[in-house]
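In case you want the letters, here they are:
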Amino acid sequence: MKGKAKWVAVALAAVLVICIVALVFQSAKGGTVAEISKDGQLVCSIDLKTAPEQTITVGDAESGINIIEVQKGRIRVLQADCKNQNCVECGWSDEAGGRPIVCLPNRLVIKITGEGGRVDAVSG
Amino acid sequence: MHIRIGFAYTSNCLKKPAFFIELAHTSPLLEPGRFTFSGIDGIIYENPQKEVNEVRKKALKITYFLAALALCVTGLCACAPKSETASFFAMNTLMDITVYGADIQAAYDAQSIVNSLDRELSATSESSAVYAANTGEAARFTENGAELLSRAFDLCKETGGALDITVRPVMEAWGFTTDEYRVPGESELAELVKKVDFSAAAESFDGALLTLPEGMKIDLGAVAKGYAADRAVESLRAAGVEHAVLNLGGNVALVGANTKGEPWKVGVKDPFGKSSYVAVLSVADCNVVTSGGYERYFEENGMTYWHIIDPETGMPARTGLAAVTIVGESGVECDAFSTALFVMGEEKGLEFWRQIGGFEALFIRDDGTIVITEGLQGSFESSSDWEVAHREG
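Note that the structure is predicted; figures quoted are calculated from it, not measured. All residue numbers refer to positions counted from 1 along the written sequence of the respective chain. In the order they appear in the text, chains get letters beginning with A and ligands get numbers beginning with 1. Where totals are concerned, whole chains, interfaces and linings use all residues; where local detail is concerned, this predicted model gives features only for residues with pLDDT of at least 70, and gives and counts side-chain atom pairs only at 80 or more. With hydrogens and water excluded, all non-hydrogen atoms of the structure serve as input to the side-chain values.

## Overview of the interface of chain B and chain A
Part 1: In this complex, chain B contributes 44 residues to the contact, which on the side of chain A involves 36 residues.
Part 2: The term buried area denotes the loss of accessible surface (1.4 Å probe radius) that occurs when two parts are joined, taken as the sum for both partners. Across the interface of chain B and chain A, roughly 3500 Å² is buried in total on both sides, 63% from carbon and sulfur atoms.
Part 3: By definition, a salt bridge exists where a carboxyl oxygen of Asp or Glu is found within 4 Å of a side-chain nitrogen of Lys or Arg. Between the two partners, chain B and chain A, sit two salt bridges.
Part 4: Between Asp96(B) and Lys111(A) there is a salt bridge, with the nearest N and O atoms lying 2.8 Å from each other.
Part 5: In protein, a polar contact means a hydrogen-donor-capable atom and an acceptor-capable atom, both N or O and within 3.5 Å, with residues adjacent in sequence counting only if both atoms are side-chain atoms; elsewhere, any N or O pair within 3.5 Å suffices. For the pair chain B and chain A, the number of links is 13 residue pairs in polar contact (both at pLDDT 80 or more).
Part 6: Elements with a contribution of two residues or more to the side of chain B that touches chain A: α1 (48-79), β5 (83-90), β6 (93-100), β9 (244-248), β11 (264-269), β12 (277-283) and β13 (287-292) of chain B.
Part 7: With nine residues, the top contributor of residues to the side of chain B that touches chain A is α1(B).
Part 8: Its residues assigned to classes, the side of chain B that touches chain A shows 24 nonpolar, 13 polar and seven charged.
Part 9: Note: strand β8 (residues 121-123) of chain A against β11(B), three bridges, orientation parallel. The residue bridging Val122(A) from the neighbouring strand is Gly267(B), located in β11(B). The contact definition used throughout considers only heavy atoms, calling two residues in contact when any of these lie within 4.5 Å. Here a helix means four or more residues in a row that DSSP labels H or I, a strand means two or more in a row labelled E, and each is numbered from the N terminus. Amino acids are sorted into nonpolar (Ala, Val, Leu, Ile, Met, Phe, Trp, Tyr, Cys and Pro), charged (Asp, Glu, Lys and Arg) and polar (every other residue, Gly among them). A pair of strands is considered paired only if DSSP assigns at least 2 bridges between the two.

Structure, rendered in structure tokens:
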């Protein structure tokens, strides 16, 4: 029966690996990953849970500059050269499904993706 | 002696194919135990049939177990509804159309409907019909554009002018159309307010062609997103989409319930910016539209001036409200009413709700307390202080 046990063990291990991969994939999807995009192009995505405190500068003088701050699981636009400053006034964002931070003049969007949010959309 | 050859479950079955030689223990010559014969490994059992049954049972158990595990894994994957989002800029805002368990193409098709409405209705794009109308030309509208325009005139009338799409010259004076903010003088506003008159504009519209009286300008900003949501939802439904969330710059439209059959959760943005949202509505198959002073404003000499203008005075509407959310079936109505009720204030707004009906409202007062109309009871959650307004009373 030793061989059969081994075969079963191999099969079980395979199933277990699939399970773990599926779970990891799930939790990654449900996590708090901030996606920064400009002109509809993804610039970078940051896992807010694990990312160190940092500032990220997106854009240039021509397309407009936004300085983004990441801190303790949340993200915001710290500074921007746009006229209306709506993106800065938006403040911190930390939940998936929440209202994205948008800088219309600079075509910048910060969105938190995943299934981890408590709401499907925010009206306002 | 009776010999049967069956499927191998021998010790080295993984290494090389071997036959399980099952010998009925009928001959006293054959002792139970292992044997090798001409390179074939086998076992002689005392009760071969019992052994075979047991092995089969075990094999069956393992198969069931693996099948169950496989189901679990696929079940886990199935739990996360497959959703795809079309994300784009239109009507001066970010828009998301998310479809669940449906082809993303449906979302793209809805997007192109919104985009073409945007091209027609934008007050700033020089090639739009609205732009042409605002320069005094006879502007021709498409079927959709014309439908929105006549709907908008009706809504202006219905709200008693609390919503007035001809308020644009006043908006321009405040700089809300260019982000170059300024506080206009009293006499300047008094002059401009004279030209705010939706009924005169409505008279100059023949159902397709709009020729505005001189000096008059329209802005469909308070209704265009709502109307776009209606057309986009219509297109999604026609494509067979059963679950979708449209977020057209804070105007939320919902198709069906979520994929589990439960209502969607829609947050109502915190107008004071302390948290993401102050209330959550559990709703399905409807629109949730919010208007608030926080959306566009500027400060000068310690005063805050926002973009929701009282058409009567030309001044930002100050009625003790920070935001108004409307929940209802028609996107264009919700959009129009959220602005109109903000201008009316809580008391007049509730009176309007009692008279007109067909929608529910949520008022956030300047002090952060909330008033909901009775139809929202049961689908509303909030940690703020709140009360219910009833139809009678």
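## A look at the confidence of the model for chain B
Part 1: Mean pLDDT over chain B: 88, with 86% of residues reaching 70 or higher.
Part 2: pLDDT measures how confident the predictor is about each residue, on a scale from 0 to 100. The model gives residues 1-27 of chain B a pLDDT under 50, and that stretch makes 57 contacts with residues more than four places away or in other chains.

## A short note on the packing of helix α4 (residues 143-158) of chain B against helix α9 (residues 331-344) of chain B
All names here are of chain B.
Part 1: The N-to-C vectors of α4 and α9 enclose an angle of 40°; their axes lie 11 Å apart at closest approach. Our classification of the angle between α4 and α9 gives oblique. Classified by chirality, the crossing of α9 by α4 is right-handed. Judged by residue contacts, Leu148, Arg151, Leu155 and Glu158 of α4 engage Val332, Glu333, Ala336 and Phe337 from α9. For helices, the fitted line uses only the C-alpha atoms of the stretch in contact; every axis is such a line through C-alpha atoms, and the angle between N-to-C directions lies from 0 to 180 degrees. Oblique is the label for any angle not under 35 degrees, not over 145, and not in the 65 to 115 range, which are roughly parallel, roughly antiparallel and roughly perpendicular in turn. Take the far helix as your reference; a near helix turned counterclockwise from it by less than a right angle gives a left-handed crossing, and one turned clockwise gives a right-handed crossing.

## Digging into the sheet that holds strand β3 (residues 54-58) of chain A
Residue and element names in this part refer to chain A.
Part 1: As summarised here, the arrangement of the three strands in space is β3-β4-β5, forming an open sheet in which the pairing is antiparallel. Each end of this open sheet is capped by a strand with a single partner; those strands are β3 and β5 (74-80). With strand direction ignored, the average angle separating the axes of adjacent strands in the sheet is 25°.
Part 2: Note: strand β4 (residues 66-71) against β5, six bridges, orientation antiparallel. Looking at β5, one finds that valine 70 is bridged to isoleucine 75.

## A short note on the environment of Ala51(A)
Part 1: Mapped onto the elements, Ala51(A) comes out in the loop between β2 (41-47) and β3.
Part 2: For the pair Ala51(A) and Gly73(A), spaced 22 residues apart in the sequence, the C-alpha separation amounts to 7.7 Å.

## Side note on the packing of aromatic side chains
Part 1: Two rings from Phe, Tyr or Trp (for Trp, the six-membered ring) form a pair when their centres sit within 6.5 Å of each other. Planes less than 30 degrees apart are called stacked, planes more than 60 degrees apart edge-to-face, and all others tilted. For the structure shown, the criterion picks out 15 aromatic pairs over all chains.
Part 2: Relative to Phe205(B), the ring of Phe141(B) lies with its centre 6.4 Å away and its plane at 90°, an arrangement referred to as edge-to-face. Residue Phe141(B) is located in the loop between β7 (138-140) and α4, and its partner Phe205(B) is located in the loop between α7 (198-203) and β8 (209-211); the two are separated by 64 residues in the primary sequence.
Part 3: Whether a residue is buried, partly exposed or exposed follows from its accessible area with a 1.4 Å probe, protein chains only, as a fraction of its type maximum: under 20%, in between, or over 50%, in that order. Judged by relative accessible area, Phe205(B) falls into the buried class, the value being 12%.
Part 4: Ring pairing ties together the aromatic residues Trp174(B), Phe176(B), Tyr181(B), Phe298(B) and Tyr305(B), which thus form one cluster.
Part 5: Each ring is checked for a lysine NZ or an arginine CZ that lies within 6 Å of its centre and within 35 degrees of its normal; such an atom marks a charge sitting over the ring. In this structure, Arg74(A) packs its charged tip against the face of Trp92(A), placed 3.9 Å from the ring centre.
Part 6: Over the aromatic face of Trp306(B) sits the side chain of Arg318(B), whose NZ or CZ is 5.2 Å from the ring centroid.

## What about the side chain of Asn66(A)?
Residue and element names in this part refer to chain A.
Part 1: Position of asparagine 66 among the secondary structure elements: in strand β4.
Part 2: A relative accessible area of 0% means that asparagine 66 is categorised as buried.
Part 3: Engagement of the side chain of asparagine 66 in a polar contact is seen with the side chain of asparagine 106, the distance being 2.9 Å.
Part 4: When near neighbours in sequence (up to four residues on either side) are disregarded, asparagine 66 contacts Ile56, Thr57, Val58, Val77, Gln79, Ala80, Cys87, Cys103, Asn106 and Leu108.

## Some remarks on the nonpolar core
Residue and element names in this part refer to chain B.
Part 1: Take the buried residues of types Ala, Val, Leu, Ile, Met, Phe, Trp, Tyr and Cys, join any two whose side-chain atoms come within 4.5 Å, and each joined set is a nonpolar core. If you look at the biggest cluster of nonpolar residues, it comprises 79 residues, and the most contacted ones within it are Phe141, Leu149, Leu210, Leu220, Leu236, Leu246 and Leu341.
Part 2: The biggest single contributor to this core is α9, with nine residues.
Part 3: When near neighbours in sequence (up to four residues on either side) are disregarded, leucine 246 contacts Asp96, Ile97, Ala232, Val233, Leu236, Asn251, Val252, Ala253 and Val255.
Part 4: By size, the runner-up hydrophobic cluster in this structure holds 23 residues, among which are Leu254, Val266, Val268 and Ala279.

## Structural notes on the sheet that holds strand β19 (residues 380-382) of chain B
Part 1: Taken together, four strands build an open sheet; the order of strands is β8(A)-β11(B)-β12(B)-β19(B) and the sheet is mixed. If you trace the sheet from one side to the other, it starts and ends with β8 of chain A together with β19 of chain B, each paired once. Strand-to-strand twist of the sheet, defined as the mean angle between neighbouring strand axes without regard to direction, takes the value 30°.
Part 2: Note: β11(B) against β12(B), six bridges, orientation antiparallel. The residue bridging Gly267(B) from the neighbouring strand is Val280(B), located in β12(B).

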